[in-house]
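Listed below are the residues making up each chain.
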Amino acid sequence: MENQSFFAIGLMSGTSLDGLDICYSKFTRTGSDWAFDILKCETVTYSSTWENDLKNVIHFSSETLLELNSEYGFYLGEKTQEFITKHNISSLDLIASHGHTVFHQPKNKFTLQIGDGRAIKIKTNKTVVYDFRSQDVLLGGNGAPLVPIGDEMLFTAFDACLNLGGFSNISVKREGKRIAFDICPVNIILNELALKLGKKYDENGDLARSGMIDYELLEELNQLKFYQEKAPKSLGIEWINQEVYPLIKDQKTEDLLATITEHSAVQISAILNEFEIKNVLITGGGTYNSYLIEKIKAKTKTEINIPTKEIIEYKEALIFAFMGVLRSLNLNNVLSSATGSLTDHSSGLIC
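All of these numbers come straight from a predicted model, not from anything done at the bench.

Peer 1: So, helix H11 (residues 290-298): which residues are in play, and what are the values?
Peer 2: Considered for burial, the residues of H11 that qualify are Tyr-291, Leu-292, Ile-293, Lys-295 and Ile-296. Check the buried side of H11 and you find it contacts strand E8 (160-164), helix H7 (206-210), helix H10 (253-274), strand E11 (279-283) and strand E12 (303-305).

Quick look at the structure:
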């Protein structure tokens with residue numbers, strides 16, 4: 001059977017505000033099988049202005065939010081065009097942009113990722129696929145997690161795929177269906193705490209390692225209602241503000257880092273054990289937190305697999321590029337078994 005090849009750029013901005021991930025990849029289709037090659041990738045660090053705006057956009061007025069949606073779209077377009085020029089990219093079928101999440105309230109039937117795809121098209125003159133989550137929410141789903149389609153079709157060697165980003169999420173195949181859900185907060189809180197100590201993040205988990213676990217707080221965190229809910233389920237910054245931060249008092253920052261790290265390890269290993277996962281692929285910025293990885297390993301017999309730097313850092317951007325390719329072919333790119341929507345569907349606006 002003849003191979004088909006597609007070239008796509010995926011753009012991803014996560015809740016941990018590490019920067020804009022840009023991943024240029026080739027996808028090869030042979031029948032129903034897909035393979036990928038990451039060709040070029042880089043992270044554009046946000047300026048302090050952009051970091052501040054994206055961090056606080058949840059509090060902006062509607063007019064300012066709409067203005068930022070356009071501005072951020074042009075920013076994405078500019079940075080993508082710079083990337084294309086820098087790497088002399090000539091073969092490119094489309095750009096797929098996740099955008100940056102501001103609101104995520106699936107129970108209220110809305111989610112918002114800013115970064116207008118039309119502005120990206122204006123700057124790059126390329127086909128753009130964007131707004132991957134809204135359709136799923138309208139179909140009764142959580143609008144998250146979306147990457148399980150990539151886990152299902154591109155990372156078939158692993159029993160499960162675990163992402164350690166702002167939040168941790170996992171996808172695993174059970175009884176012929178790919179299920180996926182958010183597990184707990186990770187970098188969205190750890191990075192915020194590290195900032196109080198003048199660090200952008202807790203490198204290797206060394207600050208947490210120096211702290212003492214607050215077992216009373218740990219117990220309160222582990223008792224949060226979300227952890228008793230059944231999948232599919234997802235988390236957003238609203239949940240952190242309402243459920244987690246009110247529990248934090250005047251503990252020493254290092255102790256809070258130790259406690260949140262322990263909490264993440266407890267929740268993640270509990271899922272690995274509950275699902276009897278034999279081997280797991282771990283990606284996302286939290287993979288570099290060796291203290292967290294040590295704690296997860298100590299609490300489970302699951303074989304932990306750490307891939308190449310490119311996959312650790314760019315797997316989500318890679319999969320959004322893949323989702324854009326599937327959308328361009330009008331093939332399903334969202335799994336209802338992962339999000340809880342009415343049906344599998346092909347999601348994303350094309351311009």
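That was the structure; now back to the text.
Peer 1: Residues and numbers for the pattern of salt bridges, please.
Peer 2: Using the criterion set out here, one finds 14 salt bridges in the structure. Residues Lys-173 and Glu-152 are paired through a salt bridge, measuring 2.8 Å at the closest nitrogen-oxygen approach. Of this pair, Lys-173 sits in strand E9 (residues 167-174) while Glu-152 sits in helix H5 (residues 148-154), and the two are 21 residues apart along the sequence. Among the salt bridges present, the one from Glu-262 reaches Lys-295, with a minimum N-O distance of 2.6 Å. Pair noted here: Glu-262 is in helix H10 and Lys-295 is in helix H11, with a separation of 33 residues, a long-range link. By relative accessible area, Glu-262 is classed as buried at 7%. Residue classification places Lys-295 among the buried residues on the basis of a relative accessible area of 15%. One continuous salt-bridge network, built from bridges that share partners, spans Glu-152, Lys-173 and Arg-178.

Peer 1: For the packing of aromatic side chains, give the residues involved together with the corresponding values.
Peer 2: In this structure the tally under the stated criterion is 15 aromatic pairs. A ring pair is formed by Tyr-227 and Trp-239, whose centres lie 6.1 Å apart and whose planes are at 85°; its orientation type is edge-to-face. A residue pair is termed long-range when its members are at least 10 positions apart, and Tyr-227 in the loop between helix H8 (215-222) and helix H9 (237-244) and Trp-239 in helix H9 qualify at 12 residues. Within the aromatic cluster, the residues linked to one another by ring pairs are Phe-6, Phe-27, Trp-34 and Phe-322. If you follow Lys-233 out to its NZ or CZ, it ends over the ring of Phe-226, 4.3 Å from the centre. The ring of Phe-155 carries Lys-315 above its face, with NZ or CZ at 5.4 Å from the centroid.

Peer 1: Report on the side chain of Asp-53, specifying residues and quantitative values.
Peer 2: Relative to the helices and strands, Asp-53 is located in helix H1 (residues 48-56). Not counting residues within four places of it along the chain, the set of residues in contact with Asp-53 comprises Phe-60 and Leu-68.

Peer 1: Now, about the side chain of Asp-182: what can you tell me, with residues and values included?
Peer 2: Among the secondary structure elements, Asp-182 is positioned in strand E10 (residues 177-185). Although Asp-182 lies buried, it forms no salt bridge, and the closest oppositely charged side chain, Arg-133, sits 7.5 Å away as judged by the N-O distance. For Asp-182, the residues in contact, after removing those within four places along its chain, are Ser-168, Asn-169, Phe-226, Lys-233, Ser-234 and Leu-235.

Peer 1: Kindly report on the sheet that holds E12, identifying the contributing residues and their values.
Peer 2: An order of E10-E9-E8-E11-E12 is seen for the five strands of this open sheet, with the pairing classed as mixed. The strands lining the two open edges of the sheet, one partner per strand, are E10 and E12. Within this sheet the neighbouring strands show an average axis-to-axis angle of 20°, counted without direction. As paired strands, E9 and E10 are joined by eight bridges and run antiparallel to one another. Paired with Ser-168 across the strands is Cys-184, a residue of E10. Here H10 sits on the sheet and contacts E8, E9, E10 and E11; the angle it forms with E10, its principal contact strand, is near 165°.

About the criteria used
- Residues numbered from 1 in each chain as written.
- Predicted model: local features only at pLDDT ≥ 70, side-chain atom pairs only at ≥ 80, totals over all residues.
- Heavy atoms only, no water.
- Buried < 20%, exposed > 50% of the residue type's maximum accessible area, 1.4 Å probe, protein only.
- Helix = DSSP H or I, 4+ residues; strand = E, 2+ residues; numbered from the N terminus.
- Contact = heavy atoms within 4.5 Å.
- Salt bridge = Lys/Arg side-chain N within 4 Å of Asp/Glu carboxyl O.
- Phe/Tyr/Trp six-rings, centres within 6.5 Å; stacked < 30°, edge-to-face > 60°.
- Lys NZ or Arg CZ within 6 Å of the ring centre and 35° of its normal.
- Lys, Arg positive; Asp, Glu negative; His and termini not counted.
- Pairing = 2+ DSSP bridges.
- Axes fitted to C-alpha atoms, helices over the stretch in contact; angles between N-to-C directions.

Function-wise, these values are silent; they only describe arrangement.
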